[in-house]
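Chain by chain, the residues run as shown.
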Amino acid sequence: MSSNRATLPGLNLPATQDLLMNLEKFKKGFINYLQIKLDTETEELKLWDCANIKASEFPEKIPSEEPRYHLFNFNHTFENESIWKVVFIYSCPGYSVPVKQRMMYSSTKACFLDSLAKMDIEIAAKREISDGDEVKEVDIYEMIHPQKHASRAHFIKPKAPSRGGRRLIR
């Protein structure tokens, strides 16, 4: 058996009309937050919640019992400029969620991100979390603008072990 692909392509599930309509609103800036649910019964992506929220309200939107995809258009100031950047977050509460649901979400994620790119929704940062406390406003900012470390310590080769000074052998 020979294959040119290293991995399987993933699941490309259809999106409901309501979700597609709200993705367009999101893209145009009318709303800044979307929560997307994968319906395992009908095998389609559905809009679960949409709103205009502040970054400080984002952790409250993360459900503690079911996985979800979240799109958040983060308005912030960087280098004295007010900018908007889209953040994609996949939240999965852990092992309390059935295996089928976890597998479907993880298998659909790449195809969903590809479809967002085709809609010209540019994702600045992506993260997978298990709890809402993992994405506070500071965390979102650092996902988009990671701090650069000024100088990294280079590896210094240790001296060779010795039993005193060098000896000459005659």
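I will try to describe carefully the structure that is included in this document. (Residues numbered from 1 in each chain as written. Predicted model: local features only at pLDDT ≥ 70, side-chain atom pairs only at ≥ 80, totals over all residues. Heavy atoms only, no water.)

1. Quick look at the packing of aromatic side chains
Here is the rule: Pairing of aromatic rings covers Phe, Tyr and Trp, the last counted by its six-membered ring, and requires centre-to-centre distances within 6.5 Å; plane angles under 30 degrees mean stacked, over 60 mean edge-to-face, and any other angle means tilted. Burial classes: relative accessible area under 20% of the type maximum marks a residue as buried, over 50% as exposed, and values in between as partly exposed (1.4 Å probe, protein chains only). By definition here, charges over rings are those cases where NZ of Lys or CZ of Arg is within 6 Å of the ring centre and within 35 degrees of the ring normal.
For the coordinates displayed, the defined rule picks out ten aromatic pairs. Ring centres of Phe 72 and Phe 74 lie 6.1 Å apart, and the angle between their planes is 35 degrees; on these two criteria the pair is classed as tilted. This pair shows no difference in class: Phe 72 is buried, exactly as Phe 74 is. For the cation-ring pair, Arg 68 lies above Trp 48, with the distance from its terminal atom to the ring centre recorded as 4.6 Å.

2. Overview of helix 3 (residues 137-144)
Heads up, the condition is: The helix count covers DSSP runs of H or I at least four residues long, the strand count covers runs of E at least two residues long, and both are numbered beginning at the N terminus. What the arc describes is the spread of directions from the helix axis to the C-beta atoms. Should any heavy atoms of two residues lie within 4.5 Å, those residues are considered in contact.
Considered for burial, the residues of helix 3 that qualify are Ile 140, Met 143 and Ile 144. Buried residues in helix 3, looked at end-on, bunch into an arc of 95 degrees, giving them a common side. Along its buried surface, helix 3 packs onto strand 3 (68-78), strand 4 (81-91) and strand 5 (123-129).

3. What about the sheet that holds strand 3?
For clarity, the cut-off: Pairing between strands requires that DSSP locate at least two bridges from one strand to the other. All axes are obtained by fitting lines to C-alpha atoms, using only the stretch in contact for helices, and the reported angles, taken between N-to-C directions, cover 0 to 180 degrees.
Here we have five strands laid out as an open sheet, ordered 2-1-3-4-5, and mixed in their pairing. At either end of the open sheet lies a strand with only one pairing partner, and these are strand 2 (44-51) and strand 5. Across the sheet, the mean angle from the axis of one strand to that of its neighbour is 25 degrees, orientation sign disregarded. Sheet analysis places strand 3 next to strand 4, joined by eleven bridges and oriented antiparallel. Pairing of Phe 74 across the sheet is with Lys 85, part of strand 4. Across the sheet, helix 1 (residues 17-28) lies against strand 1 (33-39), strand 2, strand 3 and strand 4, angled at about 45 degrees from strand 2, the strand it touches most. Along the sheet, helix 3 contacts strand 3, strand 4 and strand 5; its crossing angle with strand 3, the most-contacted strand, is approximately 80 degrees.

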